[in-house]
Amino acid sequence: QVQLVESGGGLVQAGGSLRLSCAASGLTFSTYSMGWFRQVPGKDREFVAGISRSGGSTRYADSVKGRFTISRDNAKNTVYLQMNSLKPEDTAVYYCAAAYFSGADVVVTTLRTYNYWGQGTQVTVSS
């Protein structure tokens, strides 16, 4: 049974930092491209950041570029999202997701391509 468990969310003031973690189990982690998405009530879930299977390639939404950093540790089956210079508009539930790729070492940005999702962790940035 595949499980993705996020942690590290919370309440932070604008300008502060948080580090999200997502621990994966029940899958061969190194064969999955990983991503972070976020969602606010009434809006679609949106791509935040993605990382390829090896960790060699990353992509970011324009809204977080230069402030957020995605990384992974394949030995620990964990993907991270370091969030700096947080803004109130970053407030959302953050989800990690896994997309199976047996071939190319690519970053996946499309929501529907992801096979597995975590339960989400709330991030609230106060002004």
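Residues numbered from 1 in each chain as written. Predicted model: local features only at pLDDT ≥ 70, side-chain atom pairs only at ≥ 80, totals over all residues. Heavy atoms only, no water.

The four strands are arranged S1-S3-S8-S7 in an open sheet whose pairing can be described as antiparallel. The open sheet has two edge strands, strand S1 (3-7) and strand S7 (68-73), and neither has a second partner. Put simply, the sheet's adjacent strands are angled 15 degrees from each other on average, direction ignored. Judged from the six bridges that link them, S7 and strand S8 (residues 78-83) form a sheet pairing that is antiparallel. (Pairing = 2+ DSSP bridges. Helix = DSSP H or I, 4+ residues; strand = E, 2+ residues; numbered from the N terminus. Axes fitted to C-alpha atoms, helices over the stretch in contact; angles between N-to-C directions.)

Tallied over the full model, the rule gives one disulfide. For Cys 22, the disulfide goes to Cys 96, at an S-S distance of 1.9 Å. In this pair, Cys 22 is assigned in strand S3 (residues 18-25) and Cys 96 in strand S9 (residues 92-100), connecting sequence segments 74 residues apart. In terms of burial, Cys 22 and Cys 96 fall into one category: buried. (Disulfide = S-S within 2.5 Å. Buried < 20%, exposed > 50% of the residue type's maximum accessible area, 1.4 Å probe, protein only.)

For the rest of this paragraph, the subject is the pattern of salt bridges. Inspection of every chain in the model, using the stated rule, returns four salt bridges. For Glu 46, the salt bridge goes to Arg 38, with nearest N and O atoms at 2.7 Å. Classification of Glu 46 by relative accessible area gives partly exposed; the value is 37%. By relative accessible area, Arg 38 is classed as buried at 6%. Between Asp 62 and Lys 65 there is a salt bridge, with its nearest N and O atoms 3.0 Å apart. Given a relative accessible area of 66%, Asp 62 falls into the exposed group. Taken together, the salt bridges that share partners define one network made up of Arg 38, Glu 46, Arg 67 and Asp 90. (Salt bridge = Lys/Arg side-chain N within 4 Å of Asp/Glu carboxyl O.)

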